[in-house]
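Spelled out, the chains give:
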Amino acid sequence: MSEACVPASAVSAVGPTVTELLPIVFFVERRLLVWFISSSLFLAIYILLNSLFAPPPAPQPVADGPAGVVEPAEADPVAEQDDDARPPIAADADPADAPEEQPRPDRPSLITLGSMDPQSGFFLLATLNSRGGAIERLELTERNAEGKLRYRRVDTTSGYLGYLAGKTSPDRDGCIVGVVGPGTPAALAVPDETSQGPGLRVGDRIIAIGGRAITSSRELNERLAQSRPGQSVSLEVVRPDREGPPLILTAVLSEHPLDLIRLSSTGGADEVLGNLDRLSCRVTLSQLGDRNLPTGTTSIEGLEWIGEAIYDHEVKAAESVDQEVVFSLPLSQRQLGSAATGPVKITRSFAITPGSYLIDMDVQVENEGEQPQRLAYRLEGPNGITLEGWWYSTKISPNMLGGAAARDVVYNTVRDRHRLLSGYDLLKRAKNQPRDPDPTIFGEDEAEQNRSLRYAAVDAQYFVVALLPPEGTEYFTDFRRSAATVVADPREIPIHQERAVNVSFFVDSLVSEVQPGGSIRESLRLFAGPKDPDMLASLGLSDAIEYGWFGRVSRFLGWILHWINWGIGNYGLAIILLTCLVRFCLFPISRNAAVNAQRMQELAPELKKIAEKYKDDMEARLKAQREFQKRVGFNPLAGCLPALLQLPIFIGLYRCLSVDLELRQEPFFSNQAWASNLAGPDMLYYWGDWLWDYLAGRGTGWLGPYFNILPVFVVALFLVQQKLFMPPPTDEQTAMTQKIMTIMTLMMAIFFFRVPAGLCIYFITSSLWGIAERLIVKRTLPPPKPIAAFPAGDAGGVVDGKVTSTRTAGKKSLTERIREQVKPEPPKALPPNKRKRPTNKR
């Protein structure tokens, strides 16, 4: 905003109090400046010595699951449960009349859908767990034109072997492989014996990697964390059905695909304590006879085991290229108890199609008894959504009050339209209302129209996982209740890390009187993918991208940004050119502000004289200043109003760069590790392993775990602009104000330190343009206008607090004459002795 908005001498000194405070301010500023310079110098020397002489730091924990990262636990807690556990028999069951139960699987299995193979055309690789019949992990595997992962992990540079769900061998050294995803480096590993066929297999025990023995899954993860994409590693494997020496396989590691859904324990450094491990999209019974699921709980009392029961599964080999898995869980009357009048069977299926981010899901609850039963089910939503960049990213909330967390629940109903339930608010409610922790999206006592649900989703910065009705259907109409929930222990979430709380939602089906042999069934779609505007628009999810104010301006500028990048092929340069284009279009307004600022500096001495003359009368001083500005033809708002017109453009450009998906994992310079992700900080140097957690902690530190150089340039340019263009102080109070502004700019460096690199490029370009513009404009400004003086012999005067000429005193301005015509003053009342008596006429 122009300097004309705040006149340099608009406010007079307030007396000796300010004068007494000035030495203190100068002293404090000098100490702060010395501390800032010495600390920066010490930090630079320390970083230099540390990089030259210190031993290499320990590898950072990377969140990629048991195959490529250091986990908080030895293995997947879901898979580590008692493998031999069978569904219990209800305490109130009468086994006398119950038929014999069919043999059930006693060990869970991990099943994969989709592939990481570029030739397969799949965009997803899903890992499903038969314990619960739900989703354990979901990775995005789409490729770009160069054959690279379109959406990779941006928080790690280590190599990726694949999600193995590894477990430490209980009686021998090594890591036992639990699953091998198609197309992953583990599946493509080449053995030294051609008779064995390529790839690792489920049940293999990895005993060494790179010629170095390992004793646990944790050691395997630590070795992989030191690798790089494209690196070849040798694996020594003991295969159960093979005798002889260990089999040696060679695998070429790849980049990490983005794990959009994962268990909290496999989140690595980005995960926080207190979040719980839970499979996504589980199903349980919410109504069985006269027993229902109480508020604030996740299962009917006595039937908690259904959510962790082991399902039968069948992989269907369809004629098309689609892949489908069908899970089934028969529940006998003995297991369900007296509330059931017969056995019940839960069946669900998952199907994935190449070239799509959609998963087709079907849920069916069947009455296999001989009598009618009142049945309903609960379908839980996804959880464990990626926490990518939660400690630095800034999501925009559509709510007027309260901000967005790293994970939020969004939904759309006929009544509420698009709404966001912040993770902050969900965690706060769970702490304050432990008996009723789940805020309702809609309840069963509401009208049917209000229960029409278009979608419900868990929302992240650049990705969303949404539950959608089947194709051709606009709303869900078969759900009686829905609510948002936290998948965490609210008391264990650390302070200052509440933003990373794990959230989800659930929907309860209508209660139906299901006849023998009948069922209740629902078809759904699960979208798990990026916030691509065109893709979301085709699914009715456009509101998931929140631009905040001036959304149309942001979309238009985003379109220009993509068009420029299409021509030059580098988003860093595209941001620079877009910023220059915007500043060029606003040049006339900027020049007008510069002219107004110069005129303000010319009038500053006269305004100072008026301020000193009427320093004890604020009202008279302001009136005198207005009259003086009107006499010389100066309008102080001429510099402010044009600057206000620029705000929608600057805010729109800022929002565009904040939410644009295409900036993610785009480098500033090609083939450079520094600033390799314009949607995140430039991350020049990692200091999280030695700097205090108060400064370098994720979410808890002021600066974050990386030293970023671009924000330093941003703040330095801000200081240069202040020194070059701030008008000289005209009094002590103005001088003190300017010094405080300098201190505040230095303090602002803390808040700018984690700003994404793309936004820093925008600020740096805009500041450099502003400096060059003001220097050029200053040379082309018109010559100073002389200040009109009072005519000779006319010393001027003050009439009712106004500075006026004695020759023009009594003359009214055009504004005053118009005001008298629109709102004339009422005539003054005459004294009683001069009033005429009214004449009484009949």
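Residues numbered from 1 in each chain as written. Predicted model: local features only at pLDDT ≥ 70, side-chain atom pairs only at ≥ 80, totals over all residues. Heavy atoms only, no water.

(A) Representation of the packing of aromatic side chains within the structure. With the rule as written, the count across this model stands at 20 aromatic pairs. Aromatic side chains Trp687 and Trp690 sit 6.4 Å apart centroid to centroid with 90° between the ring planes, which places their arrangement in the edge-to-face category. Residue class for Trp687 comes out buried when judged on its relative accessible area of 1%. Ring plane angle 50° and centroid distance 6.0 Å describe the contact between Phe707 and Phe753, whose orientation is recorded as tilted. Pair noted here: Phe707 is in strand β29 (residues 706–707) and Phe753 is in the loop between α14 (732–752) and α15 (757–780), with a separation of 46 residues, a long-range link. For the residue pair Phe707 and Phe753, the accessibility class agrees, reading buried in each case. Put simply, the rings of Tyr654, Phe718, Phe752, Tyr762 and Phe763 pair up and form one aromatic cluster. A cation over a ring is seen here: Arg378 above Phe506, with NZ or CZ 3.5 Å from the ring centre. (Phe/Tyr/Trp six-rings, centres within 6.5 Å; stacked < 30°, edge-to-face > 60°. Buried < 20%, exposed > 50% of the residue type's maximum accessible area, 1.4 Å probe, protein only. Helix = DSSP H or I, 4+ residues; strand = E, 2+ residues; numbered from the N terminus. Lys NZ or Arg CZ within 6 Å of the ring centre and 35° of its normal.)

(B) Fine view of empty space enclosed by the protein. For the structure on display, the rule yields 5 cavities of 30 Å³ or more. Estimated volume of the largest cavity: approximately 70 Å³. Along the walls of the largest cavity sit Thr386, Leu387, Glu388, Trp390, Ser393, Ala406, Ala460, Gln461, Tyr462 and Phe463, which together make up its complete lining. (1 Å grid on protein atoms, 1.4 Å probe; cavity = no way out; pocket = protein on both sides within 12 Å on 5 of 7 lines; lining within 4 Å. Points joined across faces, edges and corners; volume = space filled by probe spheres on them.)

(C) Structural context of the sheet that holds strand β14 (residues 312–316). The 9 strands lie next to each other as β14-β15-β16-β17-β27-β23-β22-β19-β20, forming an open sheet whose pairing is antiparallel. The sheet is open, and its two borders are formed by β14 and β20 (417–421), each paired with just one other strand. Adjacent strand axes in the sheet meet at a mean angle of 20°, parallel and antiparallel pairs treated alike. Bridge count between β14 and strand β15 (residues 323–331): 5 bridges; the pairing is antiparallel. Looking at the pairing, Glu314 lines up with Val326 of β15. (Pairing = 2+ DSSP bridges. Axes fitted to C-alpha atoms, helices over the stretch in contact; angles between N-to-C directions.)

(D) Spatial organisation of the nonpolar core. One finds Ile306, Leu336, Ile346 and Phe527 to be the most contacted residues of the largest nonpolar core, which totals 94 residues. Of the residues forming this core, the biggest block, 6 residues, is contributed by strand β23 (residues 463–468). Counting 31 residues, the second largest nonpolar core, distinct from the first, contains Ala574, Leu678, Phe725 and Ala757. (Core = buried A, V, L, I, M, F, W, Y, C linked by side-chain atoms within 4.5 Å.)

(E) Representation of the packing of helix α13 (residues 710–725) against α15. Contact pair α13 / α15: the axes reach a minimum separation of 9 Å and the direction vectors enclose 20°. Looking at the two axes, α13 sits roughly parallel to α15. Relative to α15, α13 is oriented so that their crossing is left-handed. Mapping the contact onto sequence places Leu710, Pro711, Phe713, Val714, Leu717, Phe718, Val720, Gln721, Leu724 and Phe725 in α13 and Ala757, Cys760, Ile761, Phe763, Ile764, Ser767, Leu768, Gly770, Ile771, Arg774 and Leu775 in α15. (Parallel < 35°, antiparallel > 145°, perpendicular 65-115°, else oblique. Left-handed = near helix turned anticlockwise from the far one by under 90°. Contact = heavy atoms within 4.5 Å.)

(F) Highlighting the pairing of strand β16 (residues 344–352). Counting buried residues along β16, 8 of its 9 residues qualify, which places the element largely inside the surrounding structure. Where β15 lies against β16, 9 bridges are found, and the strand directions are antiparallel. Within the sheet, the bridge partner assigned to Ser328 lies in β16 and is Thr347. The sheet contact formed by β16 and strand β17 (residues 358–367) spans 9 bridges and is antiparallel. Of the residues in β17, the one forming a bridge with Val344 is Asn367. Linking β16 to β17, which pair antiparallel, is a turn of 5 residues; within it Gly355 sits at a positive phi near 75°.

(G) Focus on the sheet that holds strand β1 (residues 110–114). As summarised here, the arrangement of the 4 strands in space is β1-β2-β3-β11, forming an open sheet in which the pairing is antiparallel. Taken across any chain shown, the strands that pair with only one partner, and hence form the sheet edges, are β1 and β11 (258–261). Taking the axes of each pair of neighbouring strands and ignoring which way they run, one obtains an average angle of 25° across the sheet. Judged from the 5 bridges that link them, β1 and strand β2 (residues 124–129) form a sheet pairing that is antiparallel. Across the sheet, residue Leu110 finds its bridge partner in β2, namely Asn129.

(H) Spatial organisation of the pattern of salt bridges. One pass over the full model with this rule turns up 32 salt bridges. Note that Arg282 and Glu380 form a salt bridge whose closest N and O atoms lie 3.1 Å from each other. One end of the pair, Arg282, is in the loop between β11 and β12 (283–288); the other, Glu380, is in strand β18 (residues 373–380), with 98 residues separating them in the sequence. Just as Arg282 is buried, Glu380 falls in that class too. With a closest N to O distance of 2.6 Å, Lys531 and Asp459 form a salt bridge. In this pair, Lys531 sits in the loop between β27 (519–530) and α6 (533–539) while Asp459 sits in strand β22 (residues 453–459), placing the two residues 72 residues apart along the sequence. Judged on exposure class, the residue Lys531 and its partner Asp459 are both buried. (Salt bridge = Lys/Arg side-chain N within 4 Å of Asp/Glu carboxyl O.)

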